[in-house]
Amino acid sequence: YICGISSIEMEEMPQMYTKFNVETWVESAMRYFTSRNFRVVDNSGKVYGYGRSIWAMIDTESRQPTDIYAIDNGAINNWIVIDKDCPIDKGGRVKMSDDAELIRTIDTFYNDVDINGHINSVKYIEHVLDLWPLEWYREHPIHRFEIAYVAEAHQGDRLSFYREKTTEANEFCIRIVKLSPDSDTSVEVCRSKVVFK
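Here's what I pulled together on the structure shown here.

Rules of the game
Residues numbered from 1 in each chain as written. Predicted model: local features only at pLDDT ≥ 70, side-chain atom pairs only at ≥ 80, totals over all residues. Heavy atoms only, no water. Core = buried A, V, L, I, M, F, W, Y, C linked by side-chain atoms within 4.5 Å. Buried < 20%, exposed > 50% of the residue type's maximum accessible area, 1.4 Å probe, protein only. Helix = DSSP H or I, 4+ residues; strand = E, 2+ residues; numbered from the N terminus. Contact = heavy atoms within 4.5 Å. Polar contact = N/O pair within 3.5 Å; in protein donor to acceptor, adjacent residues only side chain to side chain.

Regarding the nonpolar core
Here is step 1 of the chain: In this structure, Y124, V128, W132, L159, F161, I174 and I176 are the most contacted members of the largest nonpolar core, which totals 18 residues.
Here is step 2 of the chain: Sort the elements by how many residues they give to this core and strand β9 (residues 186–196) lands first, with four residues.
Here is step 3 of the chain: Beyond its immediate sequence surroundings of up to four residues, W132 is in contact with Y137, R163, F172, I174, V194 and F196.

Written out as structure tokens, the structure is:
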């Protein structure tokens, strides 16, 4: 499985040493995709936040989407949970204009890639969050984070990060573009939206 779109919304971050759990369940399935939800909750039942994601099943050899219902005679239906609520909005297409400001361009290295040789999803998130200084986070905790993947990037690609403030308070959109070492054409690899409190 690979993740295509993710969003997380936190009302509060657990304090240091707080024991908490991340619950997950499949909300729905389509031919090539599943919607999977998450809930961050402590041992007393206090809910800190929720997440939503869309996953695609990919054939590891052909790199093409696989029909989920063709696996074990549609066994995915046994895992769908329809009576558990995930109260946050689904992630949507992050809209940006051509006026977004180039904030940073970085090189990618071995520690940026996953087992498939692609830039790891968590690394994209880390690089996006590095676009603001520590002082910003002291006054503006993250409330919501969305990311939607468009294309794959690999070790050696240069990633450029474009940021644009929206009309909403403390809301920013980010576009990540790659430039491969063997090409002079830039390709968009993902978009993100960050909403701060």
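A closer look at the environment of T108
Here is step 1 of the chain: The residue T108 is located in the loop between β5 (101–107) and α1 (121–129) in this model.
Here is step 2 of the chain: According to the relative accessible area criterion, T108 is buried, its value standing at 3%.
Here is step 3 of the chain: Between the C-alpha atom of T108 and that of R158, which follows or precedes it by 50 residues, the distance is 6.2 Å.
Here is step 4 of the chain: Not counting the four nearest positions on each side in its chain, T108 is found in contact with I119, H154, Q155, G156, D157 and L159.
Here is step 5 of the chain: At a separation of 2.7 Å, a polar atom in the side chain of T108 contacts the main-chain carbonyl oxygen of D157.

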